[in-house]
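Here is what each chain is made of, one letter per residue.
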Amino acid sequence: MRQHISRRSSLLPWKWFAAVAAGGVPVGLLWWLLAPGGMNLITRNPALADGTNPEVWLLRDLTLAGLCVFAGCLVAVFLTEKGGRDPQAAFLLGLVGGLGGVLIAWLTGVLAGQLWGGPADTSVNASVAFSLRSLPVLILWPAATATSVFVLSLINLLKSGPGSAGMPVAEGKAPGA
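Residues numbered from 1 in each chain as written. Predicted model: local features only at pLDDT ≥ 70, side-chain atom pairs only at ≥ 80, totals over all residues. Heavy atoms only, no water.

Colleague: Quick question: what am I supposed to make of the packing of helix α3 (residues 55-79) against helix α5 (residues 140-160) here?
Modeller: Helix packing for two helices is described by the angle between their axes and how far apart those axes are. Look at α3 against α5: their axes get within 7 Å of each other, and the N-to-C directions meet at 40°. By the angle class used here, α3 and α5 are oblique. For the pair α3 and α5, the crossing hand works out as right-handed. When α3 is examined against α5, the residues A65, C68, V69, A71, G72, C73, V75, A76, V77 and L79 are found in contact with a partner set consisting of L140, W141, A144, T145, S148, V149 and L152. (Axes fitted to C-alpha atoms, helices over the stretch in contact; angles between N-to-C directions. Helix = DSSP H or I, 4+ residues; strand = E, 2+ residues; numbered from the N terminus. Parallel < 35°, antiparallel > 145°, perpendicular 65-115°, else oblique. Left-handed = near helix turned anticlockwise from the far one by under 90°. Contact = heavy atoms within 4.5 Å.)

Colleague: Looking at this structure, how should I read the packing of helix α2 (residues 24-34) against α3?
Modeller: Between α2 and α3, whose axes approach to 9 Å, the crossing angle comes to 145°. α2 and α3 meet at a crossing whose hand is right-handed. When α2 is examined against α3, the residues V27, L30, W31 and L34 are found in contact with a partner set consisting of R60, T63, L64, L67 and A71.

Colleague: Whenever I open this one, the side chain of T80 confuses me. Can you help?
Modeller: Note on placement: T80 falls in the loop between α3 and α4 (87-116). Here V77 takes part through its backbone oxygen, which lies 3.1 Å from a polar atom of the side chain of T80. (Polar contact = N/O pair within 3.5 Å; in protein donor to acceptor, adjacent residues only side chain to side chain.)

Colleague: I'm lost on the layout of surface pockets in this one. Help?
Modeller: The gaps left among the atoms become clear once a water-sized probe is rolled over them. The space that makes up the second largest pocket amounts to roughly 320 Å³. Lining of the second largest pocket is provided by 22 residues; of these, G37, G117, G118, A120 and F130 occupy positions nearest its centre. Ranked by residue count, the leading element in the lining of the second largest pocket is α4, at four residues. Its residues assigned to classes, the lining of the second largest pocket shows 11 nonpolar, nine polar and two charged. (1 Å grid on protein atoms, 1.4 Å probe; cavity = no way out; pocket = protein on both sides within 12 Å on 5 of 7 lines; lining within 4 Å. Points joined across faces, edges and corners; volume = space filled by probe spheres on them. Nonpolar A, V, L, I, M, F, W, Y, C, P; charged D, E, K, R; others polar.)

Colleague: Can you walk me through α2 in this structure?
Modeller: Because an α-helix completes one turn every 3.6 residues, residues spaced three or four positions apart along the sequence face the same direction. Every buried residue of α2 is accounted for by G24, V27, G28, W31 and W32. What you see down the axis of α2 is that its buried residues fit within an arc of 135°, all on one side. (Buried < 20%, exposed > 50% of the residue type's maximum accessible area, 1.4 Å probe, protein only. Arc of directions from axis to C-beta.)

Colleague: So what exactly am I meant to see when it comes to the packing of aromatic side chains here?
Modeller: Here a ring pair, both rings aromatic, is described through the centre-centre distance and the interplanar angle of the planes. Under the criterion given, the structure shown has four aromatic pairs. Taking the centre distance of 6.4 Å and the plane angle of 75° together, the rings of W14 and F17 count as edge-to-face. With W14 and F17 both in helix α1 (residues 2-22) and three residues apart, this pair spans about one turn of that helix. With a relative accessible area of 54%, W14 lands in the exposed category. What makes F17 partly exposed here is its relative accessible area of 29%. With centroids separated by 6.3 Å and ring planes inclined at 40°, the aromatic side chains of W16 and F78 adopt a geometry described as tilted. In this pair, W16 is assigned in helix α1 and F78 in helix α3, connecting sequence segments 62 residues apart. (Phe/Tyr/Trp six-rings, centres within 6.5 Å; stacked < 30°, edge-to-face > 60°.)

Written out as structure tokens, the structure reads:
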């Protein structure tokens, strides 16, 4: 019985990796649905519906950036839950899964733009087609996960106080008492 439990808990971080990476598909679809130059469901402004308008390019990248930060924070909430798994392995595989997830989101959004978007004449600029211009956006998901895990762990540590999280507590009289 004990061997079965330890084997099951050792497989859990790999499930985290797969689940986080697979989260890139809905993030990519949401990116295309919400962003200007895609379906443009956020603004619904006809001037921002076409990729030929250079104002669309930054807003399109910022939409993916916001979705990646949200996804990273959501992953961090699940990673900081107590679950009988190896927290370091789950954290590292969650970060790698986030990197995979953001790449999948990027490719899913671009594919959605090619499949369901109108034809784009990219002879003027490649950014006319639904794409990502700011590649540093791709580090936001794992960065948001790491930052959020740090903040949530710190909050949990401060809430529980010293001595409850494996921190030694001094015993005896206080100095000068």
